[in-house]
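Residues per chain are reported as follows:
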Amino acid sequence: MSSLLPVLVNSLLAAGLYATMAYGLAMIYGVMRIINLAHAGVMMLGAYATFTLFTRFHMDPFLSLLVVVPLFYFLGVLVYRAIVRRLPRASAGPSMESLLLLFGLWLVLQNLAYFIWTGETQSILTGYTMKSIEVLGVRVGLPLVFVFAASAASLLFLNLFLRRTYAGRAIRAVTQNRDAAWLSGIDAERVSAAAFGIGTAFAGAAGTLMSTMYAFTPDFGRSFLLKAFCIIVLGGMESFTGVAAGALVLALLENAVSAWTPIPTTFQDAISFTLLVLALVLFPKGLPGLAAGLSRKVTAR
Amino acid sequence: MTDAILAAERVSKRFGGILALSEVSFEVQAGEIFGIIGPNGAGKTTLFGCLVGALKPTSGAIRFLGERIDRLAPYEVVARGVVRTHQIVRPFREMTVRENVAVGAAFGAGRRRGPEADDSVSYILHRTRLEARADVLAGTLTIGELKRLEIARALAAEPSVLCLDEVMGGLNPSEIHDMMDFIRSLKADGTTILIIEHHVHAVVGLSDRILVLNFGEKIAEGPPTAVMKDPAVVTAYLGAEAPVAPGGVP
Amino acid sequence: MTLRIHSRRDTAIAVAALLVLLAAPKIFPRGVVNDLWSVAFAIVLAASWNILGGFAGQVSIGYSAFLGIGAYTTALLSLKGISPWLTLPLAAFLGAAFSVLIGLPTFRLRGPYFTIATIGVSEAVRVLASGVSFTGGSSGLRMPADSYDFVSNYVAIVLLAAAAVGISWVIRGSSLGQALAAVRQDIDAAEAVGIDSTRVKLRAHAISAAMVSIAGGLFAMNFQYIAPGSVFDFRLSLSIVLMPIVGGVGTIAGPILGAIIFSYMQIKLLSSPALRDSYLFIYGGLLMLIMIFEPKGLVGLWMRLRRSVRRAPAAEIAA
């Protein structure tokens, strides 16, 4: 199939962005079992922040990551301390109250964006927005390549952070076994605040990256949010490598469908939504669960 | 098959890498009190879960009056007459005691609704000595009362086989004594009773036969006195609650 | 604790209110009756949603799908020459059928996962409705010109609102209501005492979906023009959820209160250009405040106030 290579290359590049987008959500869910619907709003704000930096200060979008990431980390910690922490929280499992609270926050953020930037569609056009480059013989847009590079770099940093620093290991500990972590003396509040900050920072960064490739309005982010959910469900909700795998699977599916079936791109969103529902219902433990199940069947006596 | 009311045939249950139950087989006769004991983590509650359909055995079968029930949903098992209580009580906290019991009556084997259920519910509340608290929210009860509510709700479902999971946990000696009398009265009504208990002397005092589990395997089965003298059982309990002669001091 | 409205006085008030509403076209100017139409419409949606979302505790942010199904059923069949009134039972049936279709896989999911799945489903439905040609695509459909009869439509929506409230009241007192409450509070314990939780959820879903679909049909008949953007709208799904939550999820009065407040807000917001742009802010802010301070909504707040008032006299005696 002559289109196999383009599909693979495009999927890989897209997966980078998807993974960045999904990690923010996964981190918050992993540490606090909170499903952050405001994630979409934060991505949207990231795009707009980049837009403002670009139009006001002529800052290149990728450079503005240096501003967006720390800013959004700070904002995330603030939101956690001011709002999320006040929730009467049930100890086990995600709660409806947190879901709806963050949903409300998302709506507020949307309105904020309407106020500041109006509802008009915006986009960022740089010198390289229209350029393309050949990767492995496939012609792809330059922004996509940069986005992939930035995503890969950020994920690498995240990985190092999670493995090499105390804070990172604390986060992993809490994700894997909350009670044991608390008992080991890990400070619940600080880890949660940090995780929320990191999650917000990643969402903002994802928004920045997306602003180089897509046009956006304050409503931006909803279909990406659902894709992010799809990815973390596929990724097993608690495994960080799983998220990367989920991102790749989704990207592959989308590119494969648009390349090899007559289904028009307007229906593409419906595909990821359906995949989300299917994944939730059929393999709730995600791809890792599926893989573990398969390996058991293979090694069973 | 013999005329056992409930039978487990080589039941195994695996959770990921952990084998919680391994080829456990036993039969329970109608009308008897069948005790299940074993150290913590032996698989007792897992076994209960399999019996009532809350868990699906990885292999093996569970039969109720000869019919396989291990693939049924919990509510289908209840409809056939096998009901369990939970080790950690699960009351409907926003309902009153009476309403809790009424749910058991309405959806259990007897399917009693409306006024028809009222007499049955009142009777059960009387027997479990919850009458005085009947119209109080379940969320405000003491642990002893919650345990009785758990049993009351299960009774309202009109079980032929009642599976009691550690109902004596947290009770003081006089409450344990009352509970034992109560369980004997249930047996007198014809209910078959399976009981998981850590209070070994209580189980020994109540049961017609006992099953001992350790690390998911059956290590002994039979009348209490014989089982408690079994060297494998003594070894399993070494250092923990040692079996005592009736009337002796723990 | 529940706010029970079954005293004679409350029933009398309800009947009186219903009679006033039914007589409204004769008493009030057209503008007011239009507003009352919106209030009744909102009550249908809120009270119906409450059956699944409030009684059973399954929060679905995808109810606009049923509204859309009802609206499109009525519109498409009316354009084929069938009387709109006759299309309503079919709309109800299709809404219920669709609810079962999506309920079967998604009711296996618990809590927030179910909610996310409903968002996914409703978005998928919207995308499909916009893309398929027989629904008129994204430009929508117009009802046949001679089918408009405002007064009959108004009476119908008021009766539907009364039915929605009445049916939810009946359900709450029935064994289905018992089962739904048990499922909401502890689904595993409910199964352990013999409740088929999936069947019970499917029933609640179907009943509420049917009523919302009928409301969709009446919507089409009233506004004469429908488009995927108006009836399959995510924001509409959101409003449907917010009304009972603001008013008091799981109660009978809550959805009614929430519906009245929301309709009033909508009307005020739409008429004031300054506020129109803030509605997301208001919705979102309200939702956040309620989740933090009083998840039981206005009814919960009311119950809390009543309890603290009752305590005060006792404190005086003790002093």
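What you see is a predicted model, and the numbers here were worked out from it, not measured in a lab.

Further remarks concern the overall build of chain C. A tally of regular secondary structure across chain C gives 15 helices and two strands. With respect to the principal axes defined by its C-alpha atoms, chain C has extents near 75 × 50 × 40 Å. Scored against the burial criterion, the 319 residues of chain C give a buried share of 51%. Counting contacts in chain C only where the partners sit at least 6 residues apart, residues at least 24 apart contribute 79% of the total.

Moving on to the overall build of chain A. In terms of regular secondary structure, chain A is built from twelve helices and two strands. The secondary structure elements of chain A, listed N-terminal to C-terminal, are α-α-α-α-β-β-α-α-α-α-α-α-α-α. Across the 301 residues of chain A, 51% fall into the buried class. Within chain A, contacts between residues separated by at least 24 positions form 78% of all contacts whose residues are at least 6 apart in sequence.

Here the focus is the nonpolar core. Counting 286 residues, the largest nonpolar core has Tyr18(A), Ala22(A), Ala247(A), Ile43(C), Val44(C) and Ala215(C) as the members making the most contacts within it. Other than its neighbours up to four places away in sequence, Ile43(C) contacts Ala161(C), Ala164(C), Val165(C), Pro255(C), Ile256(C) and Ala259(C).

It is worth spelling out helix H11 (residues 268-282) of chain A at this point. The terminal C-alpha atoms of H11(A) lie 21 Å apart, and with 15 residues this matches the ideal 21 Å at 1.5 Å per residue to within 8%. At its buried positions, H11(A) is contacted by helix H9 (222-234) and helix H10 (240-260) of chain A together with helix H4 (84-106) and helix H5 (111-131) of chain C.

We now examine the sheet that holds strand S8 (residues 192-196) of chain B. Residues and elements named next belong to chain B. Pairing within the open sheet is mixed, and its six strands lie in the order S6-S7-S8-S3-S9-S10. Whereas interior strands pair on both sides, the edge strands pair on one side only; in this sheet they are strand S6 (82-84) and strand S10 (217-222). Strand-to-strand twist in this sheet, taken as the mean axis angle between neighbours without regard to direction, amounts to 15°. As judged from the four bridges shared by strand S3 (residues 33-37) and S8, these two strands associate in the parallel manner. The residue of S8 that forms the bridge with Ile33 is Ile193. Strands S3, S6, strand S7 (161-165), S8 and strand S9 (209-214) of the sheet are contacted by helix H1 (residues 44-52), whose axis makes an angle of about 150° with S7. Across the face of the sheet, helix H6 (residues 173-188) comes into contact with S3, S7 and S8 while running at roughly 150° to S8.

Once that is clear, we can look at the confidence of the model for chain C. Residue and element names in this part refer to chain C. The predicted model of chain C has a mean per-residue pLDDT of 86, with 94% of residues at 70 or higher. Element-level mean pLDDT values for chain C span from 69 in helix H13 (residues 273-276) up to 95 in helix H9 (residues 197-223). Across residues 314-319, confidence stays below pLDDT 50; counting only partners more than four residues off in sequence or on other chains, it has zero contacts. Both confidence scores are given for the complex: pTM 0.86, ipTM 0.87.

Before going further, it helps to examine the environment of Ser174(C). Residues and elements named next belong to chain C. Looking at the element boundaries, Ser174 is found in the loop between helix H6 (150-173) and helix H7 (175-185). Its 13 C-beta neighbours within 10 Å are what place Ser174 among the partly exposed residues. Sequence-wise, Ser174 and Pro228 are 54 residues apart; in three dimensions their C-alpha atoms are separated by 37 Å.

A separate point is the arrangement of the chains. For the two pairs of chains in contact, the maximum contact count is reached by chains A and C. One thing to see here is that chain A and chain B don't touch, and their nearest C-alpha atoms sit 9 Å from each other.

Quick look at the interface of chain A and chain C now. At the junction of the two partners, chain A supplies 31 residues and chain C supplies 31 residues. Those elements that place two or more of their residues in the side of chain A that touches chain C are helix H4 (96-117), H9 and H11 of chain A. Considering each element in turn, the side of chain A that touches chain C owes the most residues, 14 residues, to H4(A). Grouping the amino acids of the side of chain A that touches chain C by side-chain chemistry returns 22 nonpolar, six polar and three charged.

All right, on to helix H5 (residues 142-164) of chain A then. Three or four residues apart is the spacing at which side chains of an α-helix point the same way, because the helix has 3.6 residues per turn. All names here are of chain A. Across its 23 residues, H5 extends 33 Å between first and last C-alpha, which sits within 8% of the 33 Å expected from 1.5 Å per residue. Looking at H5, one finds that the buried residues are Pro143, Leu144, Phe146, Val147, Phe148, Ala150, Ser151, Ser154 and Leu158. The secondary structure elements touched by the buried residues of H5 are helix H1 (4-32), helix H3 (61-82), strand S2 (138-141) and helix H8 (188-211).

What follows is about the interface of chain C and chain B. Between chain C and chain B, the residue contacts involve 15 residues of the former and 20 residues of the latter. Those elements that place two or more of their residues in the side of chain C that touches chain B are H7 and helix H8 (187-192) of chain C. Ranked by residue count, the leading element in the side of chain C that touches chain B is H7(C), at six residues.

Residue and element names in this part refer to chain B. Strand order across the open sheet formed by four strands is S2-S1-S4-S5, with antiparallel pairing between neighbours. In the strand order of this sheet, the two ends are held by strand S2 (18-29) and strand S5 (67-68), each with one partner. Relative to strand S4 (residues 59-64), strand S1 (residues 4-15) runs antiparallel, the two sharing five bridges. The residue of S4 that forms the bridge with Ala8 is Ile62. Lying over the sheet, H1 contacts S1, S2 and S4, oriented at roughly 65° with respect to S2.

All names here are of chain A. Viewed as axis vectors pointing N to C, helix H2 (residues 39-57) and H9 meet at an angle of 125°, and their least axial separation amounts to 9 Å. Between H2 and H9, the crossing angle belongs to the class labelled oblique. You can see that H2 and H9 cross each other, and the crossing is right-handed. In contact with His39, Ala40 and Met43 of H2, H9 contributes Arg222, Phe224, Leu225 and Ala228. Its residues placed into classes, the contact of H2 with H9 shows five nonpolar, one polar and one charged.

This part covers the packing of helix H2 (residues 30-55) of chain C against H9(C). All names here are of chain C. Their axes nearest at 8 Å, the elements H2 and H9 cross at an angle of 165°. Judged by the inter-axis angle, H2 sits roughly antiparallel to H9. Between H2 and H9 lies a crossing whose hand is left-handed. In this structure, H2 contributes Trp37, Phe41, Val44, Leu45, Ser48, Trp49, Ile51, Leu52 and Phe55 to the contact, and H9 contributes Ala204, His205, Ile207, Ser208, Met211, Val212, Ala215, Phe219 and Asn222. Of the residues belonging to the contact of H2 with H9, the class tally is 14 nonpolar, four polar and no charged.

Successive side chains on a regular strand alternate, one facing one side of the sheet and the next facing the other. Residue and element names in this part refer to chain B. The pairing of S4 with S5 spans two bridges and is antiparallel. Among the inter-strand pairings, Phe64 is bridged to a residue of S5, identified as Glu67. Linking two consecutive strands that pair antiparallel, namely S4 and S5, is a turn of two residues; a positive phi of about 50° is found at Leu65 within it.

Before going further, it helps to examine the pairing of S9(B). Residues and elements named next belong to chain B. Here four bridges tie S3 to S9, and the two strands are oriented parallel to one another. Its bridge partner lying in S9, Ile37 is registered against Val212. The antiparallel hairpin formed by S9 and S10 contains two residues in its connecting segment, where Phe215 sits at a positive phi of about 50°.

Below, the discussion takes up unusual backbone geometry. Phi is mostly negative for residues that are not glycine, and the peptide bonds are mostly trans. Positive phi, normally seen in glycine, also occurs at Leu65(B), with a value near 50°. A residue is classified by how many C-beta atoms lie within 10 Å of it, and Leu65(B), with 17 of them, is partly exposed. Phi is positive for Gln224(C), which is not a glycine, with a value near 65°. With respect to the helices, strands and loops of the structure, Gln224(C) is situated in the loop between H9 and strand S2 (225-226). Using a count of 15 C-beta atoms within 10 Å as the deciding quantity, one classes Gln224(C) as partly exposed.

Now for the environment of Leu180(C). Residues and elements named next belong to chain C. Among the secondary structure elements, Leu180 is positioned in helix H7. When the C-alpha atoms of Leu180 and Gly54 are compared, they prove to be 9.2 Å apart, with 126 residues separating the residues in sequence. When near neighbours in sequence (up to four residues on either side) are disregarded, Leu180 contacts Phe55, Ala56, Val200 and Ala204.

Cut-offs and rules
Residues numbered from 1 in each chain as written. Chains lettered and ligands numbered in written order. Predicted model: local features only at pLDDT ≥ 70, side-chain atom pairs only at ≥ 80, totals over all residues. Helix = DSSP H or I, 4+ residues; strand = E, 2+ residues; numbered from the N terminus. Buried ≥ 20, exposed ≤ 12 C-beta atoms within 10 Å, placed from the backbone. Contact = placed C-beta atoms within 7 Å. Core = buried A, V, L, I, M, F, W, Y, C linked by C-beta atoms within 7 Å. Expected span 1.5 Å × (residues − 1). Pairing = 2+ DSSP bridges. Axes fitted to C-alpha atoms, helices over the stretch in contact; angles between N-to-C directions. pLDDT = per-residue confidence, 0-100. Nonpolar A, V, L, I, M, F, W, Y, C, P; charged D, E, K, R; others polar. Parallel < 35°, antiparallel > 145°, perpendicular 65-115°, else oblique. Left-handed = near helix turned anticlockwise from the far one by under 90°.

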